[in-house]
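Fold and contact review
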Amino acid sequence: QITTVSGNEFLLQSDIDFLILDWFHAIKNAIDRLTKERSCTSRNLEFKLRRSSSIELLNSLDTESKEPKPEHRKSLIFRLNYSASDTNDRNRVKSRLKKFISRRPSLKTLQEKGLIKDQIFGSHLHLVCEHEKSTVPRFVRLCIEAVEKRGLDVDGIYRVSGNLATIQKLRFVVNQEEKLNLDDSQWEDIHVVTGALKMFFRELPEPLFPYCFFEQFVEAIKIQDKTTRVKSIRSLVKKLPRPNYDTMKILFEHLKKIAAKESVNLMSTQSLGIVFGPTLLRPEEETGNMAVHMLYQNQIVELMLSEYSKIFGSEED
């Protein structure tokens, strides 16, 4: 927050630390540069940076002067001075914060007391499943049930974006509350449900297709002979950890139902591959051509949808 001697107030706000610091340094450098060009009077300037989780006072900029003449108001230049008291204040704040942090209870203690609940979004798939004593996250099942109940015939299902603010609200509810009713009127827009489901998979620390399998799936999709290609993909799928396999199976079975309604919802296996390819599998480190990787990602999802019964069926099939 910047307050000028003429009483004007400006608030610059961002959640990005480096951007805040860029703003601060840009203003400081402008003040330093202008004070060298001409000398002018000013009073007190206070610069505060506000963030969503905290309010941090970076610096107090103290200046001494008397009221400038009206004709000079448009060309006010502020002088930046640092005082020892500012440093002492900051040191005292740091000391108190260190003591507070050292006395904080552990995350495990807070979870045991029920003050902090296990997160669904942003947690590893196997941890979510272990907590729920299942091999498929409950949230994934609920979303699939909701879409199959009222979204199979919706034009552009999974391609059309829902309201991001509402999706974030749903994300918060899922992380904070155990009970979730997707039939509630606030989740009436089915695109909010599909958007939240895609966000869940995007925020997995490791994708549904684990990093160690990425190159193997890419090599398999490159195989020219279709029969061999399908067998290779099937073999890799069978090697996946149980939560990954079971979640993948129920998700692809659901997407196959979406594709079956292509004449109504206009979502073909190719369209679903484009939507879910980068969401479900990606390399741990992007080293090659991203466009080529994306092509393979889409093709893998598309093949697994078109050959679902052969890939996820029993050995006898």
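Above this note sits the structure.
Model, not experiment: these values are computed from the prediction.

Below, the discussion takes up the packing of helix α5 (residues 138–150) against helix α7 (residues 190–202). One can describe the packing of α5 onto α7 by two numbers: an axis separation of 10 Å at closest approach and a directional angle of 150°. By the angle class used here, α5 and α7 are roughly antiparallel. The hand of the α5/α7 crossing is left-handed. Of the residues in α7, those in contact with Phe139, Val140, Cys143, Ala146, Val147 and Arg150 of α5 are Ile190, Val193, Thr194, Ala196, Leu197, Phe200 and Phe201.

Moving on, we come to the environment of aspartate 155. Within the element layout of this structure, aspartate 155 appears in the loop between α5 and α6 (164–176). For the pair formed by aspartate 155 and valine 264, sequence separation is 109 residues and the distance between their alpha carbons is 6.7 Å. Each residue touching aspartate 155, except ones within four places of it in the same chain, is listed here: Val160, His191, Asn265 and Leu266.

With 68 residues, the main nonpolar core has Phe209, Phe252 and Met304 as its most contacted residues. The residues touching phenylalanine 209, leaving out its near neighbours within four places in the chain, are Phe217, Met248, Phe252, Leu280, Leu281, Ile300 and Met304.

Taken together, the side chains of Val93, Leu97, Phe100 and Ile101 define a hydrophobic patch exposed on the protein surface, amounting to about 400 Å² of accessible area. For leucine 97, a relative accessible area of 46% translates into the label partly exposed.

All buried positions along helix α4 (residues 125–132) are accounted for by Leu125, Val128 and Cys129. What you see down the axis of α4 is that its buried residues fit within an arc of 95°, all on one side. Lining the buried residues of α4 we find α7 and α10 (242–260). Residue lysine 133 follows α4 closely and has a positive phi angle near 55°.

Once that is clear, we can look at the packing of helix α12 (residues 269–280) against helix α13 (residues 290–306). Running from N to C, α12 and α13 cross one another at 125°; their axes reach a closest spacing of 7 Å. One way to sum up the angle between α12 and α13 is to call them oblique. The two elements α12 and α13 cross, and the hand of that crossing is right-handed. Contact with α12, carried on its side by Thr269, Gln270, Leu272, Gly273, Ile274, Phe276, Gly277 and Pro278, involves Met294, Gln297, Asn298, Val301, Glu302 and Leu305 of α13 and no other residues of that element. Partitioned by chemical class, the residues of the contact of α12 with α13 number seven nonpolar, six polar and one charged.

Before going further, it helps to examine the pattern of salt bridges. In the structure shown here, the tally under the stated rule is nine salt bridges. Its salt-bridge partner being lysine 257, residue glutamate 148 comes within 3.3 Å of it at the nearest N-O pair. In this pair, glutamate 148 sits in helix α5 while lysine 257 sits in helix α10, placing the two residues 109 residues apart along the sequence. Given a relative accessible area of 27%, glutamate 148 falls into the partly exposed group. Residue lysine 257 is classed as partly exposed on the basis of its relative accessible area of 37%. The residue aspartate 155 makes a salt bridge to arginine 159 at a minimum N-O spacing of 3.8 Å. Within this structure, Lys226, Glu307 and Lys310 form a network of salt bridges that share partners.

Rules of the game
Residues numbered from 1 in each chain as written. Predicted model: local features only at pLDDT ≥ 70, side-chain atom pairs only at ≥ 80, totals over all residues. Heavy atoms only, no water. Axes fitted to C-alpha atoms, helices over the stretch in contact; angles between N-to-C directions. Helix = DSSP H or I, 4+ residues; strand = E, 2+ residues; numbered from the N terminus. Parallel < 35°, antiparallel > 145°, perpendicular 65-115°, else oblique. Left-handed = near helix turned anticlockwise from the far one by under 90°. Contact = heavy atoms within 4.5 Å. Core = buried A, V, L, I, M, F, W, Y, C linked by side-chain atoms within 4.5 Å. Buried < 20%, exposed > 50% of the residue type's maximum accessible area, 1.4 Å probe, protein only. Patch = residues over 30% accessible without salt bridge, like charges linked within 9 Å, V, L, I, M, F, W, Y side chains within 5 Å. Areas by Shrake-Rupley, 256 points an atom, 1.4 Å probe, with all protein chains shown as cover. Salt bridge = Lys/Arg side-chain N within 4 Å of Asp/Glu carboxyl O. Arc of directions from axis to C-beta. Nonpolar A, V, L, I, M, F, W, Y, C, P; charged D, E, K, R; others polar.

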